Amino acid sequence: MGTGALVSTIPDVIARMQAIDGALPRKDGVAIFNRLYLQVTLAVDSASTGTEFENRAFLDRLDVVFAGLYFDAEATIESGTSCPVVWRPLVESRSQALEPIQFALAGMAAHINHDLPIAVVATCKELGLAPADDSAVHRDYQRVDALLAVVEAKVAGWFDTGLVADIEDVTPRKTDEALAIWSIVGARDVAWEHAKLLWDMRHAGPLRDGYLDTLALTTELAARAMLV
């Protein structure tokens, strides 16, 4: 059983991220990604309080399943077991002297580009739903996009003020340049398309496996590009 299976609520997810933050060295690349993920989770959780969703249970479960995939990858650092291919660029480079934003975006690329579509499909299967355009699931997914668009505008400030990384390690210009070419909401839009395709292939074993292998390899390349 992976560590991701040990969380079942959003408070569990937040507590696990806080535990990871306390366990890893502050300048560790995975720790920097984890702090960004934690801040995004806290901000969206707070903003969503006043938002009306059609199926809040789906979103809550998706958040837990999604985070669990990251927790399973992070757990390989201590266990020494094989790390999922999409997470290897971040895990392997976590001790290098890079810009903090590079670690954060490498983690976001791995998690959103690859893990999110898998989590959407798994959650839909579990709850007897389907990731169809203009469904309640899709509309709620887009409502979260709207919340994230507001949160995304705050990310640079989190780096500049030392919330996510030490100020002396941050080059504001490089942070701004990196954020200008990568978007959380844009990546989620692509992830939704992958989720629909994976859903359509859910009974086509070899075809689905091949698609997932290709998605993993292209995501790994994207994550490595963030770390150059």
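This text follows the structure it describes.
Let me sum up the structure you'll find in this document.

### Overview of the pattern of salt bridges
For side chains bearing opposite charge, pairing can occur when the charged atoms are close.
Part 1 of the argument: Scanning all chains against the criterion turns up 19 salt bridges.
Part 2 of the argument: Here Arg16 makes a salt bridge to Glu74, at a shortest N to O gap of 3.2 Å. With a gap of 58 residues between them, Arg16 in helix H1 (residues 10-23) and Glu74 in helix H3 (residues 56-79) connect regions that are remote in the sequence.
Part 3 of the argument: A salt bridge links Glu54 to Arg139, with the nearest nitrogen and oxygen atoms 2.6 Å apart. Of this pair, Glu54 sits in the loop between helix H2 (29-47) and H3 while Arg139 sits in helix H6 (residues 136-152), and the two are 85 residues apart along the sequence.
Part 4 of the argument: Given the relative accessible area of 27%, Arg139 is considered partly exposed.
Part 5 of the argument: Three or more residues are tied together by salt bridges with common partners; here these are Arg26, Lys27, Asp166, Glu168 and Asp169.

### Remarks on helix H9 (residues 184-200)
Part 1 of the argument: Along its 17 residues, H9 runs 25 Å from first to last C-alpha, staying within 8% of the 24 Å computed at 1.5 Å per residue.
Part 2 of the argument: Here the buried face of H9 lies against helix H5 (100-127), H6 and helix H10 (205-226).
Part 3 of the argument: A side-chain oxygen of the first residue of H9 lies 3.3 Å from the backbone nitrogen of Val185; this N-cap is Ser183.

### What to know about the packing of aromatic side chains
Part 1 of the argument: Enumeration over the complete set of coordinates arrives at eight aromatic pairs.
Part 2 of the argument: Between Tyr37 and Tyr70, the ring centres sit 5.7 Å apart and the planes meet at 55°, which makes this aromatic pair tilted. Placement of the pair is Tyr37 in helix H2 and Tyr70 in helix H3, with a sequence separation of 33 residues. Of the two residues, Tyr37 and Tyr70, neither departs from the other in class, the shared state being buried.
Part 3 of the argument: An aromatic cluster of at least three residues, connected via ring pairs, comprises Phe33, Tyr37, Phe66, Tyr70, Phe71 and Trp87.
Part 4 of the argument: The ring of Tyr141 carries the charged tip of Arg188 above its face, separated from the ring centre by 4.0 Å.

### Considerations on the packing of H3 against H6
Part 1 of the argument: Where H3 meets H6, the closest approach of the two axes is 10 Å, and the angle between their N-to-C directions is 60°. Seen along the crossing, H3 lies across H6 with a hand that is right-handed. Two secondary-structure elements touch here, H3 through Arg56, Phe58 and Leu59 and H6 through Val137, Asp140, Tyr141 and Val144.

Rules behind the numbers
Residues numbered from 1 in each chain as written. Predicted model: local features only at pLDDT ≥ 70, side-chain atom pairs only at ≥ 80, totals over all residues. Heavy atoms only, no water. Salt bridge = Lys/Arg side-chain N within 4 Å of Asp/Glu carboxyl O. Helix = DSSP H or I, 4+ residues; strand = E, 2+ residues; numbered from the N terminus. Buried < 20%, exposed > 50% of the residue type's maximum accessible area, 1.4 Å probe, protein only. Expected span 1.5 Å × (residues − 1). Contact = heavy atoms within 4.5 Å. Polar contact = N/O pair within 3.5 Å; in protein donor to acceptor, adjacent residues only side chain to side chain. Phe/Tyr/Trp six-rings, centres within 6.5 Å; stacked < 30°, edge-to-face > 60°. Lys NZ or Arg CZ within 6 Å of the ring centre and 35° of its normal. Axes fitted to C-alpha atoms, helices over the stretch in contact; angles between N-to-C directions. Left-handed = near helix turned anticlockwise from the far one by under 90°.

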